[in-house]
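So the chains spell out like this:
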Amino acid sequence: MRIDSSALADTVRHASASVSDSVHAAVSNAAPGQGEKLDFGHLLDHMKNSQELEFPGGHLELPHFPPIQVGGITFDLSISKHVFFLLLSALIVMLVAVYAARRNRKSSVPSGVGNLVEVFVVFIRDEVAVPNMGKGGLTYLPFLLTTFFFILIMNLIGLIPYGATSTSNVSVTAGLALVAFIMIQVAAIRAQGLKHYLAHLSGGVHWALWPIMIPVEILGLFTKPFALCMRLFANMNGGHIVLLALIGLVLLFRSPAVAPLPVLFGVAINLLELFVALLQAYIFTMLTSLFMGFGMQSEHGDEHAEHAH
Amino acid sequence: MEANALAYLGAGLGAGLVVLGAAFGIGKLAAATMEATGRQPEVAGQVRTSMIISAALIEGATFFALAICIILATK
């Protein structure tokens, strides 16, 4: 027992000595000319938006349009990497949906791609739309399905080599959240009527408290889509940062001995990312339908008892 | 320089604290869900759905705090 533990201690000491040696080597290698930081910076560039499209043979410069001035705001509408993959995933969603619909109409028993799409459609209808919004929610089913498939394809494209995750750009998720915000308000106004919708903003309390309640309720309208935006953005970025940190270990140690760790963990994180891509698309859709359902439930009376919180 | 260093320190500490809180909350949530599923396996689907919703809401609050950390770190 004693021999074992001392041998173990020796091994640990050797290992830590070699690790600290390689750290020292890495740090001393990072002397001015060689730029250790530059390598890391290049890794992070992979996550950023850029005007270049990378593919196995090299890279392609994407078109750059001059910015447009509307009022005091400047809009740069040039096609960047993220915009390219956003448009590509929109195209994929359209083509797959049309193909699946055609295929399912032809035969009564769905198979292949038609079957795959139908599984998701039925899942969103029966597990997301109807439980959260009731039968009236079926009106908004096309919107929920579009959101789900669009986010799913955008997330998955980022996992393909040379692909980029559009949803890891905060502007993209903010746009998605803006659409969700508009749909939540539209659903609430259509279900309750404009009068009840505005009355709900006062929280149903005595008028003397309105100066407090109305700003709080209005703020509450905006925090939900903001959380949607930040959640998708942070989740899609998080996995990539972990992957880059693992790959960064190779650059840090400059030794093939550390290779097994990044490879094993990289594969595991990639598999986790596959799950997260699906989960985040589901959660975005789920929460959107939940918030739409909150606004729609008030039509069943006693809205103030339930919502005056 | 000094102020920058303090901002980085604050961001790092803040991120760590946020993750502690969120992990504790979601862990409790998962434990309760598993207990409920064990007692009544027939409502597992409903319990899982409400767990995902609550977990997502906790996560939302976490991201608000993380956004502050990111702002501090990129100042």
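Here is what the cut-offs are and how they apply
Residues numbered from 1 in each chain as written. Chains lettered and ligands numbered in written order. Predicted model: local features only at pLDDT ≥ 70, side-chain atom pairs only at ≥ 80, totals over all residues. Heavy atoms only, no water. Helix = DSSP H or I, 4+ residues; strand = E, 2+ residues; numbered from the N terminus. Rg over C-alpha atoms; globule rule 2.2 N^0.38 Å. Buried < 20%, exposed > 50% of the residue type's maximum accessible area, 1.4 Å probe, protein only. Areas by Shrake-Rupley, 256 points an atom, 1.4 Å probe, with all protein chains shown as cover. Axes fitted to C-alpha atoms, helices over the stretch in contact; angles between N-to-C directions. Parallel < 35°, antiparallel > 145°, perpendicular 65-115°, else oblique. Nonpolar A, V, L, I, M, F, W, Y, C, P; charged D, E, K, R; others polar. Contact = heavy atoms within 4.5 Å. Buried area = accessible area lost by both parts, 1.4 Å probe. Salt bridge = Lys/Arg side-chain N within 4 Å of Asp/Glu carboxyl O. Polar contact = N/O pair within 3.5 Å; in protein donor to acceptor, adjacent residues only side chain to side chain. Expected span 1.5 Å × (residues − 1).

Q: Is there a simple way to think about the overall build of chain B in this case?
A: The secondary structure content of chain B amounts to two helices and zero strands. Against the 2.2 N^0.38 benchmark of 11 Å for 75 residues, chain B shows a C-alpha radius of gyration of 17 Å, more extended than a compact globule. Judged by the C-alpha coordinates and their principal axes, chain B covers about 60 × 15 × 10 Å. Evaluated residue by residue, chain B yields a buried proportion of 23% over its 75 residues. Total accessible area computed for chain B in this model is approximately 4,900 Å², and 73% of it derives from carbon and sulfur atoms.

Q: Explain the packing of helix H8 (residues 210–253) of chain A against helix H9 (residues 260–297) of chain A here, please?
A: Geometry of a packed helix pair, given as the angle between the helix axes and the separation of the axes. All names here are of chain A. With their axes 10 Å apart at the nearest point, H8 and H9 run at an angle of 180 degrees to one another. Relative to H9, the element H8 is oriented roughly antiparallel. Taken together, the residues of the contact of H8 with H9 break down into 18 nonpolar, seven polar and three charged.

Q: Mind showing me how you'd approach the interface of chain A and chain B here?
A: Frequently, the measure chosen for interface size is the accessible area that the parts lose on association. Opposite the 13 residues of chain A that make contact, chain B presents 10 residues. In this assembly, chain A packs against chain B so that about 1,000 Å² is buried in total across both faces, 82% of it on carbon and sulfur atoms. Looking at the side of chain A facing chain B, the largest losses of area belong to Met 230, Arg 231 and Met 286 of chain A, adding up to 35% of the total buried there. Applying the counting rule to chain A against chain B returns one salt bridge. Across the pair Arg 231 of chain A and Glu 59 of chain B runs a salt bridge whose closest N-O atoms are separated by 3.6 Å. Our count for the chain A to chain B interface comes out at one residue pair in polar contact (both at pLDDT 80 or more). Of all elements in the fold, only H8 and H9 of chain A reach the threshold of two or more residues within the side of chain A that touches chain B. The biggest single contributor to the side of chain A that touches chain B is H8 of chain A, with seven residues.

Q: In this structure, what is going on with H8 of chain A? I would like to understand it.
A: One turn of the α-helix equals 3.6 residues, which is why residues spaced by three or four share an orientation. Taking 1.5 Å per residue, 44 residues should reach 64 Å; H8 of chain A reaches 61 Å between its end C-alpha atoms and fits that length. Among the residues trailing H8 of chain A, Arg 254 of chain A stands out with phi positive, at a value near 50 degrees.

Q: I tried to follow unusual backbone geometry on my own but got confused; where do I start?
A: Phi is mostly negative for residues that are not glycine, and the peptide bonds are mostly trans. The phi dihedral of Tyr 162 of chain A is positive, around 75 degrees, even though this residue is not glycine. Relative to the helices and strands, Tyr 162 of chain A resides in the loop between helix H5 (141–157) and helix H6 (170–192).

Q: What exactly am I supposed to notice about the environment of Val 117 of chain A here?
A: Residue and element names in this part refer to chain A. As for its position among the elements, Val 117 is in helix H4 (residues 112–133). Placed 156 residues apart in sequence, Val 117 and Glu 273 show a C-alpha to C-alpha distance of 21 Å. In this view, Val 117 contacts Val 96, Ala 100 and Phe 149; residues no more than four positions away in its chain are not counted.

Everything listed is a geometric property; what it means functionally is a separate question.
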